[in-house]
Amino acid sequence: MTTELTAPVAAPDVAPVQRRTLRLLFGTQIIGGIGVTIGIAVGALLAARVAGTAVAGLAQSAAVVGGALLAVPVTRIMNAHGRRPGLAFAYLAGAVGAVLVVLATVTRSVPLLFLGMLFFGGGTAANLQARYAAVDLAEPARRGRQLSLIVWATTIGAVAAPNFAALADRTTSGWGLPPLAGPFAFSAAAFVLAAGVLLALLRPDPLLTARRLAAAAAPVATGTPDVTPPAEAVAAPARTTRRGAGMRAAWQVVRGRPAARLGIAAVAVGHVVMVAVMSMTPVRLGESHGDADVLRVVGIVLSLHIAGMYALSPLVGWLTDRLGRRAVILTGVGLLLAACAVAGTAGHHTPRLSIGLVLLGLGWSGTMVAGSTLLSESVPAAVRPSVQGFSDLTMGLAGAGAAAVSGFVMRAAGYPVLTLLAAIAVVPLVALALRAVPASAPDEED
């Protein structure tokens, strides 16, 4: 009896499956990006109205922590059943969170608001995990480009979403919803749509297909190409991942692979530096601009920063494939250091601060794309989702911690000291990048 996991797949079928997967992920990333950003665009304002200004920032942090924590169950689902149900679960969790936020707004319930924002992070978790689905079946020479294409697709949704916020609020005002609740209702609809499209169309599942191909290639690797592997051998990756689907098992895999450690460190450290500096930049701008201008200036500076993060990601992916993963990671680190130097010494010169934020986004893009690509190819398909989930959990919690600590540093020592500490944080990553050994291809090693 054959199942989706044990059915044979011929190598020539991989190219069209990969093209279809990329098109589908690109489209759902746009939809999901709209869902995430349309909620975040009004999240702080809505939280301030429901819970007060003092805890508005904590509500936003709850979404970051929720996205990190949801990576754990999403990873378990992917290990057992593939990318399709895992991504759909994450989007549906985000939809539940958006509905809870709407209910919290109606009832003015602070606990319900925080619970909703935690689950709302599922949309972010899905968007992050989708980049890994893009490289399950990618050719080694194109992994960086194809991963970066999915990262770039998020930009389209992120840019379009704020323009939908006012429309969503006006549309739902006739439904009896309070102001600012409408965007979250639209977020829920976007997440449900993305989940439905993935459940219906992401077939065959790229992760399960990659596992079948790896299992089918095992006899060739042992020098017995004419021997057909028994069903038990083909299904072995599934049993292995069910036993080792936890974060502890993922760490055990990463610990023995220097290249995997470098990939996780690049993603996490780049995110820490970006979040720490970016989150306090609006406060810095508020020191030199009045209330009448500060929102406009903050919007321009952060838009330039987001453009640096995403707009050039296809180029970053191409460079990752051409120059190598470690070279782009080190380039990203150099850009992060330059960003800290420029922003930290900008004083109240807004154009120079804007340049620093653009460099910060470019540095983040380099560490994110190259680090994610290196991580994905450094571990075998059987444990790949666990390790990728561990990476996203580490990145999310590290970013949330950086956002929390940056406020205290800003108040106690100021913005220049914050950028100096952020620059120091990349030193361990440089040391790791300079001494890491190249990874063997998982199909050969395992």
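Residues numbered from 1 in each chain as written. Predicted model: local features only at pLDDT ≥ 70, side-chain atom pairs only at ≥ 80, totals over all residues. Heavy atoms only, no water.

### Re the overall build of the protein
Applicable threshold: The helix count covers DSSP runs of H or I at least four residues long, the strand count covers runs of E at least two residues long, and both are numbered beginning at the N terminus. Under the scheme applied here, a residue whose accessible area is under 20% of the maximum for its type counts as buried, over 50% as exposed, and between as partly exposed, the area being computed with a 1.4 Å probe on protein chains only. Whether two residues are in contact is decided by their heavy atoms: any pair within 4.5 Å suffices. For accessible areas, the Shrake-Rupley method is used with a probe of radius 1.4 Å. Any residue's cover is judged against the shown protein chains and nothing else.
Each helix and strand in the protein was counted, giving 18 helices and zero strands. Looking at the 446 residues of the protein, the share that counts as buried comes to 51%. A separation threshold of at least 6 residues defines the contact pool for the protein, and within that pool the share at least 24 residues apart is 83%. Total accessible area computed for the protein in this model is approximately 18,300 Å², and 69% of it derives from carbon and sulfur atoms.

### Overview of the nonpolar core
Among soluble globular proteins, nonpolar side chains are generally buried collectively. Counted only if it meets this: Residues belong to a common nonpolar core when they are buried Ala, Val, Leu, Ile, Met, Phe, Trp, Tyr or Cys residues joined through side-chain atoms within 4.5 Å.
One finds Leu 262, Val 273, Leu 353, Leu 360, Tyr 415 and Leu 429 to be the most contacted residues of the largest nonpolar core, which totals 53 residues. Broken down by secondary-structure element, the contributors of at least two residues to this core are α5 (143-173), α10 (258-286), α11 (291-310), α13 (325-344), α14 (350-377), α15 (384-412), α16 (415-424) and α17 (427-435). In terms of residues, this core owes the most to one element, α10, which gives 13 residues. When residues no more than four places from it in sequence are discounted, the contact partners of Val 273 are Leu 336, Cys 340, Leu 360, Ala 422, Ala 425 and Val 426. The next biggest cluster of nonpolar side chains, apart from the first, holds 39 residues, and it includes Ala 62, Ala 90, Phe 120 and Ala 188.

### Details of the packing of aromatic side chains
How we decide: Geometry of aromatic contacts follows a simple scheme: Phe, Tyr and Trp rings, the Trp one being its six-membered ring, pair when their centres are within 6.5 Å, and the pair is stacked under 30 degrees between planes, edge-to-face over 60, tilted otherwise.
Here the structure, examined in full by the defined rule, presents six aromatic pairs. Their ring planes at 55 degrees and their centres at 5.6 Å tell us that Phe 120 and Phe 191 sit as a pair that is tilted. Of this pair, Phe 120 sits in helix α4 (residues 110-133) while Phe 191 is found in helix α6 (residues 182-201), placing the two residues 71 residues apart along the sequence. Owing to a relative accessible area of 0%, Phe 191 belongs among the buried residues under this scheme. Put simply, the rings of Tyr 91, Phe 120, Phe 184 and Phe 191 touch in pairs and so form one group of aromatic residues.

### Examining the side chain of Ser 148
Tracing the backbone shows Ser 148 in helix α5. Filtering out sequence-adjacent residues up to four positions away, Ser 148 remains in contact with Ser 313, Pro 314, Gly 317 and Val 369.

### Here we look at the environment of Leu 421
Structurally, the position occupied by Leu 421 is in helix α16. Put simply, Leu 421 and Val 409 are twelve residues apart on the chain and 9.2 Å apart in space, counted from C-alpha to C-alpha.

### Quick notes on the packing of α10 against α14
Let me state the cut-off plainly: To get an axis, fit a line to the C-alpha atoms, keeping to the stretch in contact for a helix; angles then go from 0 to 180 degrees between the N-to-C directions. Reported orientations rely on four angle classes, namely roughly parallel under 35 degrees, roughly antiparallel over 145, roughly perpendicular from 65 to 115, and oblique for the rest. Note on convention: near helix rotated counterclockwise from far helix by under a right angle means a left-handed crossing. Clockwise means right-handed. Think of it as three bins: nonpolar holds Ala, Val, Leu, Ile, Met, Phe, Trp, Tyr, Cys and Pro, charged holds Asp, Glu, Lys and Arg, and polar takes everything else, Gly as well.
Following both chains from N to C, one finds α10 and α14 inclined at 160 degrees, their axes separated by 8 Å at the closest point. Between α10 and α14, the angle falls in the class roughly antiparallel. Relative to α14, the crossing made by α10 is left-handed. Residue composition of the contact of α10 with α14, grouped by class: 18 nonpolar, eight polar and one charged.

### Brief notes about the pattern of salt bridges
The criterion, for reference: Between Lys or Arg on one side and Asp or Glu on the other, a salt bridge is scored when a side-chain nitrogen of the former is within 4 Å of a carboxyl oxygen of the latter.
Using the criterion set out here, one finds seven salt bridges in the structure. The shortest N-O distance in the salt bridge between Asp 136 and Arg 384 comes to 3.9 Å. Pair noted here: Asp 136 is in the loop between α4 and α5 and Arg 384 is in helix α15, with a separation of 248 residues, a long-range link. For the pair Asp 136 and Arg 384, a shared accessibility class is recorded, and that class is buried. Glu 377 is the salt-bridge partner of Arg 143, the closest N and O atoms lying 3.0 Å from each other. With Arg 143 in helix α5 and Glu 377 in helix α14, this pair connects stretches of sequence that are 234 residues apart. The class for Glu 377 is buried, based on a relative accessible area of 14%. Members of the salt-bridge network, linked through shared partners, are Arg 143, Arg 145, Asp 321, Arg 325 and Glu 377.

### Examining the packing of α10 against α13
Axis angle and axis distance: for two packed helices, these are the angle between their axes and the distance between the axes, and together they describe the pair. Taken N-terminus to C-terminus, the directions of α10 and α13 make an angle of 15 degrees; their axes are 11 Å apart at the nearest point. With respect to α13, the axis of α10 lies roughly parallel. As α10 runs across α13, the sense of the crossing is left-handed. Where α10 approaches α13, its residues Leu 262, Ala 266, Gly 270, Val 273 and Val 277 are matched on the opposing element by Arg 326, Ile 329, Leu 336 and Cys 340. Each residue belonging to the contact of α10 with α13 can be placed in one class, and the counts come to seven nonpolar, one polar and one charged.

### Structural notes on unusual backbone geometry
Following Arg 203, the chain continues to Pro 204 via a peptide bond in cis, the omega torsion being -5 degrees. Locating Pro 204 in the fold gives a position in the loop between α6 and α7 (206-221). Despite not being glycine, Arg 108 has its phi angle at roughly 55 degrees, a positive value. As for its placement among the helices and strands, Arg 108 is situated in the loop between α3 (83-107) and α4.

### Description of the environment of Gly 116
Mapping Gly 116 onto the fold places it in helix α4. The exposure class of Gly 116 is buried, given its relative accessible area of 0%. Counting along the chain gives 18 residues from Gly 116 to Ala 98, while the straight-line C-alpha distance between them is 6.2 Å. Residue contacts for Gly 116: discarding those within four places in its chain leaves Gly 97, Leu 100 and Val 101.

### Let's talk about the environment of Met 274
With respect to the helices, strands and loops of the structure, Met 274 is situated in helix α10. On the basis of relative accessibility, which here comes to 4%, the residue Met 274 falls in the buried class. Along the chain, Met 274 and Ala 402 lie 128 residues apart, while their C-alpha atoms are 9.0 Å from each other.

### Some words on a nonpolar patch on the surface
Keep this limit in mind: Two distance rules govern patches: like charges are joined within 9 Å, and nonpolar side chains (Val, Leu, Ile, Met, Phe, Trp, Tyr) within 5 Å, applied only to residues with over 30% relative accessible area and no salt bridge.
Together, Val 417, Leu 420, Leu 421, Ile 424 and Val 427 make up a nonpolar patch on the protein surface, roughly 430 Å² of accessible area in all. The element that contributes the greatest number of residues to the nonpolar patch is α16, accounting for four residues.

### With respect to the confidence of the model for the protein
Our working rule: Per-residue confidence from the predictor is reported as pLDDT, a score between 0 and 100.
Looking at the protein, the pLDDT average stands at 83 and 84% of residues meet or exceed 70. Element-level mean pLDDT values for the protein span from 41 in helix α8 (residues 231-243) up to 96 in α13. Counted against residues more than four places away or in other chains, residues 1-12, with its pLDDT under 50, gives 18 contacts.

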